[in-house]
Each structure stands twice: as structure tokens, then as C-alpha cells.
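Each chain is listed here by its residues.
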Amino acid sequence: MPTVKTSALAAVPPRRKHWTERVPVLTQLRQSVGLQRGMLITGLVITVVFVVIAVLAPVLAPYSWAQQQSADGVSFGTQQAPNAMNLLGTTVSGFDVLSRVLWGAQTALLVVLAAIACSIFIGIALGLLSGYFGGWLDRVLVVVADAIYAFPSLLLAIVMSIVISRGQSTLGGGIMATAIAITVVFVPQYFRVIRAEVVRVRAEPFVDSAKVIGVPTTRILLRHVLRNSTRSLPVIITLNASEALLTLAGLGFLGFGIEATAAAEWGYDLNRAVQDVTSGIWWTSVFPGVAIVLVVLGVTLVGESLNDLSDPRLRLRRRPGAKKRARATSAGGES
């Protein structure tokens, strides 16, 4: 049989990847099959709905998060059952439950984004410097990261929240205090992952070649080392997002979060609804609790699915029946 000449193969340009093949989540979605794909799609749907509700909270919420009366001056009342004016009832403070649930999504999204952004920036910077240069800087940073990582995350977040906020629970101050408290918890995780990847990448031949030809250290760090050390970040980000939501809810439930008049927060609402449960008032606790469970479930499903699909053995897995079809095709070609 005639074979293709080497010159002809060299003339064919390599296929350029479509942008959908370069986006981490979309790439794993194309590779997933069966139950794993169902879990990933379910998590993505819940996460997207949560983000949309958080962004559109001012439009979707019928009232403000601290509003206690309608536009015509009619008071809502306290602990009112679901009715035409308050579709999900009212809280012990006379706030509309539906509005606080919707506005709480916006607060949760802001805290998660701020915490993850700060954690990524600080963790990557420290891990890059520690893994590339090594020496005494590496030893000091590793010891500090291990010491922080040894503390219980919620306890550390409580201590940092008290130190940062100093009892002030304004919207900006409360969100930033909570975000910084969660950042301190997450930085060691990003630091350890990036440092391990940098230690592996710096021993590659292309890094040594860049040093030999005189490439500046900053360019080597950013273009050669960092670009090849962030492949596991999407998995960590999604898993930490769910942990950040639980930490935020835990701080609010324990009374170290944001006050009700400053912003809506699901953990605080659950704290205020604890005594309502014994009185048969279920609507003040069910809806904030369901919101926390659903959002954490959705983000966790995405993170766990990405974690499974990051395994090369799972990436090479075929769809059910693909092996039989492949064998049948090869057998037919041989015959």
C-alpha cells in the first residue's frame, strides 16, 4: 500500500484546539461519561443557577434584606406564615424570608469570590517563590504553612474574623473580614500544591535551556514555570468554594458573621431561627438551610467530578460499548 511521504506530513499544520477544548470545566464535560457526566452536569446547573440568582438578587428579591414593611407602609409582622405578601413567610425580626434568601446568595458569592481570589494570588506567589528558589525561604514558608494548616479551619476563621472585624459588621467590613479569614485558611492549600508542581517543573530540561540562553528569571517564573504548574487549580478552586460557603455559614451561625441590617447571610438567619423550630415555625430555618445544602452540593459535585476526571486513567476511558465497536471494526477491516 502507498504510504504518505514525510514531506507531505510536515506540510500539514497541526490542528488548532477550539476554545471549548481549552476551558477546564468544558474539557472535562466532554470527557465525562455515564453517572459521572450526570453528576458534573447537575453540579454545573446548580452552580450556574446560584450565580444567576446572586447577580440578579436586586431584581428577583421583592424587598430589601432588612425591609420590614411593604411599599405602601403595611408592616410584615413577625414570624408570619407564608402568604400572598410574603411568599416564604417572615422571620422573628419581621424580615421577608424570600428576600433574605435571595440577597444571601449575593453575599455568599461576594465572599467566595473575594476569598478565593486573595487565596489564589497569595498562595501562588508564595508557592512559586518557595518552590523555585528553595533554601531558607522555602523552609520557613513550609513550616508556617504547615502550622496554619494544623489548626481547625473554622476555629482559625473565627479568630481571624474577631481580629479583623473588631465587632464591626458592616456590609463591606463584614464581607472583607470574612473573606480574609477564609483566605488565611486556604492559602496553605494553594501554597503546598503550587510549590510541589514548581519543584517538579523547575527540573525540566526546558527550564534549564531558558537559563542557559539568558532568559530573565521573572520571565522563566511566569511563562515557563507558572504556566505548567496550575493544572490542578480548577479542582482546588471548586472544592474550596464549597468549603468557603460552609465556613461563611458557620461564622454567621456562631454570631461572628454579618449583622442582619448590614447584609443578608444564611448562617445568621439559621442562628435566629433555632428557637423557632421548637415552636413549630419551620419556614424561617428550612429555606436558608436548603439554600446552603443545595449550593454546597452543586459546587461539591463539580469539584469531585473534576477531581476524578483529572486522573489520566479516567480521561482515557471510553464510552460503554466503545471497545466492542472498536473490536468489531478492526475485525471487519482485517477480514
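Residues numbered from 1 in each chain as written. Predicted model: local features only at pLDDT ≥ 70, side-chain atom pairs only at ≥ 80, totals over all residues. Heavy atoms only, no water.

## Things to note about the overall build of the protein
Part 1: Looking only at helices and strands, one finds 16 helices and 0 strands in the protein.
Part 2: The proportion of buried residues among the 335 residues of the protein is 40%.
Part 3: Taking the contacts inside the protein whose residues are at least 6 apart along the sequence as the reference set, 72% of them involve residues at least 24 apart.
Part 4: Accessible area of the protein: about 18,600 Å², with a carbon and sulfur share of 65%. (Helix = DSSP H or I, 4+ residues; strand = E, 2+ residues; numbered from the N terminus. Buried < 20%, exposed > 50% of the residue type's maximum accessible area, 1.4 Å probe, protein only. Contact = heavy atoms within 4.5 Å. Areas by Shrake-Rupley, 256 points an atom, 1.4 Å probe, with all protein chains shown as cover.)

## Some points on the environment of Gln189
Part 1: Here Gln189 shows up in helix H8 (residues 171–201).
Part 2: Beyond its immediate stretch of four places on either side in the chain, Gln189 contacts Tyr149, Asn240 and Glu243.

## Considering the packing of aromatic side chains
Part 1: If you walk through the whole model with that rule in mind, you get 5 aromatic pairs.
Part 2: Seen from their ring centres, Phe50 and Trp266 are 6.5 Å apart, and the 55 degrees between their planes marks the pair as tilted. One end of the pair, Phe50, is in helix H3 (residues 34–55); the other, Trp266, is in helix H12 (residues 266–272), with 216 residues separating them in the sequence. Neither residue differs from the other here; Phe50 and Trp266 are each classed as buried.
Part 3: Between Tyr132 and Phe133, the aromatic rings sit 5.2 Å apart at their centres with planes inclined by 90 degrees, giving edge-to-face as the arrangement.
Part 4: What makes Tyr132 buried here is its relative accessible area of 11%.
Part 5: In textbook terms, an aromatic cluster arises when at least three aromatic residues are bridged by ring pairs, as seen for Trp282, Trp283 and Phe287. (Phe/Tyr/Trp six-rings, centres within 6.5 Å; stacked < 30°, edge-to-face > 60°.)

## Digging into the packing of helix H5 (residues 97–133) against helix H10 (residues 217–225)
Part 1: Look at H5 against H10: their axes get within 12 Å of each other, and the N-to-C directions meet at 110 degrees. Between H5 and H10, the crossing angle belongs to the class labelled roughly perpendicular. Considering only the axes of H5 and H10, their crossing is right-handed. Where H5 approaches H10, its residues Leu128, Tyr132 and Phe133 are matched on the opposing element by Thr217, Ile220, Leu221 and Val225.
Part 2: Of the residues belonging to the contact of H5 with H10, the class tally is 6 nonpolar, 1 polar and no charged. (Axes fitted to C-alpha atoms, helices over the stretch in contact; angles between N-to-C directions. Parallel < 35°, antiparallel > 145°, perpendicular 65-115°, else oblique. Left-handed = near helix turned anticlockwise from the far one by under 90°. Nonpolar A, V, L, I, M, F, W, Y, C, P; charged D, E, K, R; others polar.)

## Considerations on the packing of helix H9 (residues 205–212) against H10
Part 1: H10 packs onto H9 with a crossing angle of 150 degrees between their chain directions and a minimal axis gap of 11 Å. Classified by the angle their axes make, H9 and H10 are roughly antiparallel. The handedness of the crossing between H9 and H10 is right-handed. Between H9 and H10, the residues in contact are Phe206, Val207, Ala210 and Lys211 and Ile220, His224 and Val225, respectively.
Part 2: Classifying every residue of the contact of H9 with H10 by side-chain character gives 5 nonpolar, 1 polar and 1 charged.

## Looking at the side chain of Thr247
Part 1: In this fold, Thr247 is placed in helix H11 (residues 233–253).
Part 2: Look at Thr247 and you get buried, because its relative accessible area is 8%.

## Some details on the confidence of the model for the protein
Part 1: Considering every residue of the protein, the mean pLDDT works out to 78; 79% of them sit at 70 or more.
Part 2: The element-level mean pLDDT for the protein is lowest in helix H16 (residues 322–334), coming to 47, with helix H4 (residues 57–60) highest at 90.
Part 3: Note that pLDDT drops below 50 for residues 315–335; the model gives that stretch 12 contacts with residues more than four away or on any other chain. (pLDDT = per-residue confidence, 0-100.)

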